[in-house]
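# A look at the structure
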Amino acid sequence: MNTSHPWRARTWRAVATAALTLSAAAGAWAQAYPAKAIKLVVPYAPGGSADIAARLITDEWGKALGGSLFIENKGGAGGNIGVDMVAKSAPDGYTIGLQTVSLAINPSLTAKMPYDTLKDLAPIGMVASSQHVLVVNNVLPAKNVKELVALLKAKPGQYSYGSAGAGSTFHMSAELFKAVAGTPIVHIPYRGGGPAMIDTMSGQVAMSFSVLSAAQPHVQAGKLRALGVTGTKRSPLMPDVPTIAEAGLPGYTFETWFIVFAPAGTPKPVIDKLNTSLNQALNTPALRERMARDGFDPTPSTPEQARARLEQEMPQWAKLIKERGITAE
């Protein structure tokens with residue numbers, strides 16, 4: 001472009017100066033960040049997998065970041081209420097969120113989403129992956145997966161399962177089970193995994209696909225019966241419990257992942273600082289050991305890799321949900 005005219009030269013100098021000023025201001029802000037505690041929104045009630053993952057990482061993440069994080073549980077609508085709260089927060093790095101694979105699932109389950117996943121959110125990075133465990137209450141006569149499938153087929157629609165809400169990992173792992181087994185089970189959504197597990201123990205619902213670490217003490221205490229884990233291999237937390245596939249339902253596998261994000265428009269230097277400190281925390285031996293004990297496999301990433309995973313999985317889940325006629329009940 002010709003900038004030989006004096007007024008054009010002055011204009012371009014002004015634009016360049018403004019850009020440099022903004023860049024310097026953003027850099028200075030990132031250096032001073034965080035100047036106060038950061039709210040980490042978990043869009044489910046306490047006790048579920050997202051809540052456990054958040055509580056595992058906050059201390060080490062805060063140390064690496066040079067600040068502190070506190071958790072606010074904001075359950076409801078399969079996680080959409082809490083995520084929407086983050087999406088509509090000031091993009092200053094002081095309100096961020098942690099969500100499961102449901103972030104990729106919910107747009108295909110909810111007719112009118114309150115936010116646009118890819119436009120209104122800025123991924124910070126991946127946190128971890130994990131699997132669930134199929135647990136039943138002790139009143140249920142089924143002692144293994146084969147017996148459970150036979151029971152469900154013999155009495156279609158008479159048994160229910162509890163989930164952490166429509167679109168939650170509890171919900172989708174159960175719907176995938178129904179699809180592979182060819183069995184109808186009534187879905188009872190709760191405002192988090194904790195309440196779903198309580199009602200599974202009491203017999204209000206027959207079963208739940210619970211997070212491993214939350215179910216383990218109840219299984220050990222004899223309050224729940226574990227029939228199978230959802231991943232491709234047995235969990236060190238429950239080495240005697242087979243995978244659902246090896247227990248009689250070949251072709252079934254389900255694992256979830258966890259992602260942290262900020263509102264769209266959050267300055268890149270702040271996103272980068274959050275990402276760098278998160279990855280530093282996830283690579284801390286002490287945190288990795290604690291996460292392994294709770295059934296989580298740390299998965300550090302860049303913000304770009306986190307966004308790519310969202311973009312890749314959203315259409316995959318949309319296809320499954322449409323084919324199976326799954327709805328946000």
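Residues numbered from 1 in each chain as written. Predicted model: local features only at pLDDT ≥ 70, side-chain atom pairs only at ≥ 80, totals over all residues. Heavy atoms only, no water.

This part is about the pairing of strand β6 (residues 186–189). Direction of pairing for strand β5 (residues 160–163) relative to β6: parallel, over a ladder of 4 bridges. By the bridge assignment for β6, S160 is matched with V186. (Pairing = 2+ DSSP bridges. Helix = DSSP H or I, 4+ residues; strand = E, 2+ residues; numbered from the N terminus.)

Within the largest apolar cluster, 48 residues are counted, with the highest numbers of intra-cluster contacts made by L148, F177, M207 and W317. Where this core is concerned, the elements lending two or more residues are α3 (80–87), α4 (102–109), β4 (121–137), α6 (145–154), α7 (169–181), β7 (207–211), β9 (255–263) and α12 (303–324). The biggest single contributor to this core is α12, with 6 residues. Excluding residues that lie within four positions of it along the chain, M207 makes contacts with L134, V135, V136, L148, L152, Y159, S160, Y161, G162, I185 and T200. The next biggest cluster of nonpolar side chains, apart from the first, holds 46 residues, and it includes I57, L98, L224 and L278. (Core = buried A, V, L, I, M, F, W, Y, C linked by side-chain atoms within 4.5 Å. Buried < 20%, exposed > 50% of the residue type's maximum accessible area, 1.4 Å probe, protein only. Contact = heavy atoms within 4.5 Å.)

Time to look at the packing of α4 against α12. Orientation of α4 relative to α12, taken along the N-to-C sense of each, is 45 degrees, at an axis distance of 8 Å. Classified by the angle their axes make, α4 and α12 are oblique. Crossing geometry of α4 relative to α12 is assigned as right-handed. Here α4 contributes L103, A104, I105, P107, S108 and L109 to the contact with α12, which in turn contributes L310, E313, M314, W317, A318 and I321. The residue makeup of the contact of α4 with α12, split by class, is 10 nonpolar, 1 polar and 1 charged. (Axes fitted to C-alpha atoms, helices over the stretch in contact; angles between N-to-C directions. Parallel < 35°, antiparallel > 145°, perpendicular 65-115°, else oblique. Left-handed = near helix turned anticlockwise from the far one by under 90°. Nonpolar A, V, L, I, M, F, W, Y, C, P; charged D, E, K, R; others polar.)

Along the polypeptide, R309 turns up in helix α12. Take R309: its relative accessible area is 31%, and that puts it in the partly exposed class. Linking R309 and A104, residues 205 residues apart in sequence, is a C-alpha distance of 8.9 Å. Every residue in contact with R309, bar those within four places of it in the chain, is listed here: M126 and W257.

Turning next to the confidence of the model for the protein chain. When pLDDT is averaged along the protein chain, the result is 90; 91% of the residues meet or exceed 70. Every residue in residues 18–25 is under pLDDT 50, and counting partners more than four places away or in other chains gives 0 contacts. (pLDDT = per-residue confidence, 0-100.)

Moving on, we come to helix α10 (residues 268–282). A rise of 1.5 Å per residue sets the reference length of α10, with its 15 residues, at 21 Å; its end C-alpha atoms lie 21 Å apart and thus fit the reference within 8%. Within α10, the full set of buried residues consists of V270, I271, L274, N275, S277, L278, N279, A281 and L282. (Expected span 1.5 Å × (residues − 1).)

The residue A264 is located in the loop between β9 and α10 in this model. Distance in space between the C-alpha atoms of A264 and T117 is 9.7 Å, their sequence separation being 147 residues. Ignoring anything within four residues of it in the chain, the contact list for A264 reads P91, K119, D120, L121 and A122.

Position of L109 among the secondary structure elements: in helix α4. Distance from L109 to K119, taken between C-alpha atoms, is 18 Å for residues 10 residues apart in sequence. Contact partners of L109, with chain neighbours within four places excluded, come to A166, G167, H171, M172, I321, I326, T327 and A328.

With that settled, the discussion passes to unusual backbone geometry. Here the residue pair Y33 and P34 is connected by a cis peptide bond, since its omega of 0 degrees sits within 30 degrees of zero. The topology assignment puts P34 in the loop between α1 (6–32) and β1 (38–42). With phi around 55 degrees, A77 is a residue other than glycine that occupies positive phi space. The topology assignment puts A77 in the loop between β2 (69–73) and α3.

This part takes up α12. The terminal C-alpha atoms of α12 lie 32 Å apart, and with 22 residues this matches the ideal 32 Å at 1.5 Å per residue to within 8%. Of the positions making up α12, those classed as buried are P303, A306, L310, E313, M314, W317, L320 and I321. Looking at the packing, one finds that the buried side of α12 touches α4, α5 (117–120), β4, α7, β9 and α10. Directly beyond the C-terminal end of α12, a positive phi value near 65 degrees is found at G325.

Residue position: T117 is located in helix α5. Its relative accessible area of 5% is what places T117 among the buried residues. Residue contacts for T117: discarding those within four places in its chain leaves L103, P107, L310 and M314.

For the rest of this paragraph, the subject is the pattern of salt bridges. For the coordinates displayed, the defined rule picks out 11 salt bridges. Across the salt bridge formed by K39 and E72, the nearest N and O atoms sit 3.4 Å from each other. Taken together, the residues K39 in strand β1 and E72 in strand β2 connect sequence positions 33 residues apart. Overall, E72 belongs to the partly exposed group, its relative accessible area being 25%. (Salt bridge = Lys/Arg side-chain N within 4 Å of Asp/Glu carboxyl O.)

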